[in-house]
Amino acid sequence: MGEVQLVGKTANTPERAIGEAPNQAVQVGGVVVARAGGGDYKPWMPRIWSGITLGPWLRLLARNRFRIAPHRLPMALIITTLAALVNSPSSWVQRLIYGRRIARTKIDPHPIFVVGHWRTGTTFLHELLVADPRHASPTSYQCFAPGHFLVSRSWLGKVAEILAPRHRPQDDMPFSLDNPQEDEFALCNLGIPSPYWTMAFPNHPPQCQQYIDMEGLTSAQLERWKRGLYGFLQAVTFATGKRLVLKSPAHLGRIRVLVELFPKAKFVHIYREPLTVFASTMNLWRRFYRDQGLQRPSYEGLEDYVLETFNRLYRAFERDRLLLAPNQLAEVRFETLVANPIGEMERIYRELDLGPFDLARPAVEKLLEGRKDYKPNRFSVAEETRRKVRESWGWFAVKYGYPEP
């Protein structure tokens, strides 16, 4: 199963406006993306922010001085209306009905965290682990409506299912509201500061960057973040009753804080050839900024942001991995996982003491069968951009056994 292919040198293809054809090449910085799949994001489709409550939404807008592009005002109005008339009242109802029971819910056993930079195969590995019938994960609906999913999935979720895309916009991976999802989106919609807030106002400086590695936070900020994540996971555990498998690329830099919350947590670190990661991450942010933002993105400084964030995450990871016992951390190379998924999953289960893999094997094999027709994106990277990646991430290539980009 391949996801990205590098081809040739860059072409002079400009970034298109909203409504681009999914299979037509686009360029951002020194990366040209030849789309192989994935749908275009229509104006009526739900956004990441569609499940946010009114208070956090207004604070996000005020934080950015309401600098919304005119063509995005309808989107902002729709989200504001949903926040005021649907999300906030539904969240009050959930707290009234389930609040005490959620607060009493124990998260035991502690979660399994999939950690890795964006576009390293974290989604693939996440889904393989969640296929185990003993495991569960926050779903897309739970992450996009974290304050009221227990009371709204049966009715509001039905509407969202009709409007939601069938594939992720950034690639050809199937999308469903019941698919495993990143808990980082839940934090966004709960009003917990997150680097993902940058997506809402992509032309402003990157936001909440201290939450990438949890450095420079006050004790009050750190405790608020911990309470927000823990409370959301209590609600998901209450709903599922199973061990949670969690995935957020930003968690790569948060090992220290996550171990404070969950001393017996398990971690699976997945990594991938760096030039492919860079090109695919550029495409990821391009689509998120374009589809989720309240501004028409300029992408200014995006290459440097991707390079710097990678190094910031890995500085924290390489430092904090020393906190983990041998049976708390397993590592997997993306290319090896794709070539031998069953063998690598058996090894991960063995190294982390996750129990017999044979109980998960049938479901994992079924998932793999459904992914066999996956079509990867293809990228072309300019020589100057390759040089920048080599200079910034060459240390990673050496440490993890890849040729320098």
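Residues numbered from 1 in each chain as written. Predicted model: local features only at pLDDT ≥ 70, side-chain atom pairs only at ≥ 80, totals over all residues. Heavy atoms only, no water.

So, about the overall build of the protein. Within the protein one finds 16 helices and nine strands. Taken over the C-alpha trace, the protein has a radius of gyration of 20 Å; the compact-globule value for 405 residues is 22 Å, and the two agree within 12%. Each principal axis of the C-alpha distribution contributes one length, and for the protein these read about 60 × 55 × 45 Å. The buried share of the protein, taken over its 405 residues, is 61%. Averaging the coordinates of the 54 positive side-chain charges in the protein and doing the same for the 40 negative ones gives two points 6 Å apart. (Helix = DSSP H or I, 4+ residues; strand = E, 2+ residues; numbered from the N terminus. Rg over C-alpha atoms; globule rule 2.2 N^0.38 Å. Buried < 20%, exposed > 50% of the residue type's maximum accessible area, 1.4 Å probe, protein only. Lys, Arg positive; Asp, Glu negative; His and termini not counted. Charge placed at Lys NZ, Arg CZ, Asp CG, Glu CD.)

Following Asp 108, the chain continues into Pro 109 via a peptide bond in cis, with omega recorded as 5 degrees. Residue position: Pro 109 is located in the loop between helix H2 (73–103) and strand E4 (112–115). With a phi angle near 55 degrees, Arg 65 is a residue other than glycine that sits in the positive phi range. Within the secondary structure, Arg 65 sits in the loop between helix H1 (54–63) and H2. The class for Arg 65 is exposed, based on a relative accessible area of 62%. Of note, Tyr 299 is a non-glycine position whose phi angle comes to about 65 degrees, a positive value. Taking the relative accessible area as the measure of exposure, Tyr 299 reaches 12% and is therefore buried.

So, on to the environment of Phe 66. By the secondary structure assignment, Phe 66 is in the loop between H1 and H2. Taking relative accessible area as the criterion, Phe 66 reaches 48% and is therefore assigned partly exposed. Each C-alpha atom, one on Phe 66 and one on Phe 201, is 9.5 Å from the other, the two residues being 135 residues apart in sequence. Aside from chain neighbours lying at most four places away, what touches Phe 66 is Leu 58 and Leu 61. (Contact = heavy atoms within 4.5 Å.)

Here we come to the packing of helix H14 (residues 341–352) against helix H15 (residues 361–370). Relative orientation of the contacting elements H14 and H15 amounts to 145 degrees, with a least axis distance of 11 Å. The two elements H14 and H15 meet at a crossing, and its hand is right-handed. On H15, the residues touching Pro 341, Ile 342 and Glu 346 of H14 are Arg 361, Val 364, Glu 365 and Leu 368. Among the residues forming the contact of H14 with H15, the class breakdown is four nonpolar, no polar and three charged. (Axes fitted to C-alpha atoms, helices over the stretch in contact; angles between N-to-C directions. Left-handed = near helix turned anticlockwise from the far one by under 90°. Nonpolar A, V, L, I, M, F, W, Y, C, P; charged D, E, K, R; others polar.)

Right, let's get into the nonpolar core. Judged by nonpolar contacts, the single largest core of 94 residues is most densely connected at Trp 49, Met 199, Trp 225, Phe 267, Trp 285 and Leu 302. Among the nonpolar cores identified, the runner-up in size contains 27 residues, and Val 114, Phe 124, Met 345 and Tyr 349 belong to it. (Core = buried A, V, L, I, M, F, W, Y, C linked by side-chain atoms within 4.5 Å.)

Before going further, it helps to spend a moment on the sheet that holds strand E6 (residues 243–247). Here we have five strands laid out as an open sheet, ordered E5-E6-E4-E7-E8, and parallel in their pairing. Of all the strands in the sheet, the pair left with one neighbour each is strand E5 (135–136) and strand E8 (329–333). Note: strand E7 (residues 266–271) against E8, five bridges, orientation parallel. Bridge pairing in E8 places His 269 opposite Glu 331. (Pairing = 2+ DSSP bridges.)

Summed over all chains, the structure comprises 26 aromatic pairs. Look at Trp 118 and Trp 285: their rings are 5.3 Å apart centre to centre, the planes differ by 65 degrees, and that puts the pair in the edge-to-face class. Of the two residues, Trp 118 sits in the loop between E4 and helix H3 (122–130) while Trp 285 sits in helix H11 (residues 274–292), which places them 167 residues apart along the sequence. Taken as a pair, Trp 118 and Trp 285 share a single burial class, namely buried. Relative to Phe 262, the ring of Tyr 230 has its centre 5.6 Å away and its plane inclined at 20 degrees; by these criteria the two rings are stacked. Placement of the pair is Tyr 230 in helix H9 (residues 219–240) and Phe 262 in the loop between helix H10 (255–261) and E7, with a sequence separation of 32 residues. Just above the ring of Tyr 402 sits the side chain of Arg 333; from NZ or CZ to the centre is 3.9 Å. (Phe/Tyr/Trp six-rings, centres within 6.5 Å; stacked < 30°, edge-to-face > 60°. Lys NZ or Arg CZ within 6 Å of the ring centre and 35° of its normal.)

Topologically, Glu 318 is positioned in helix H12 (residues 302–320). Only 2.6 Å separates the side chain of Glu 318 from the side chain of Tyr 400, close enough to count as a polar contact. In contact with Glu 318, other than residues within four places in its own chain, are Lys 399 and Tyr 400. (Polar contact = N/O pair within 3.5 Å; in protein donor to acceptor, adjacent residues only side chain to side chain.)

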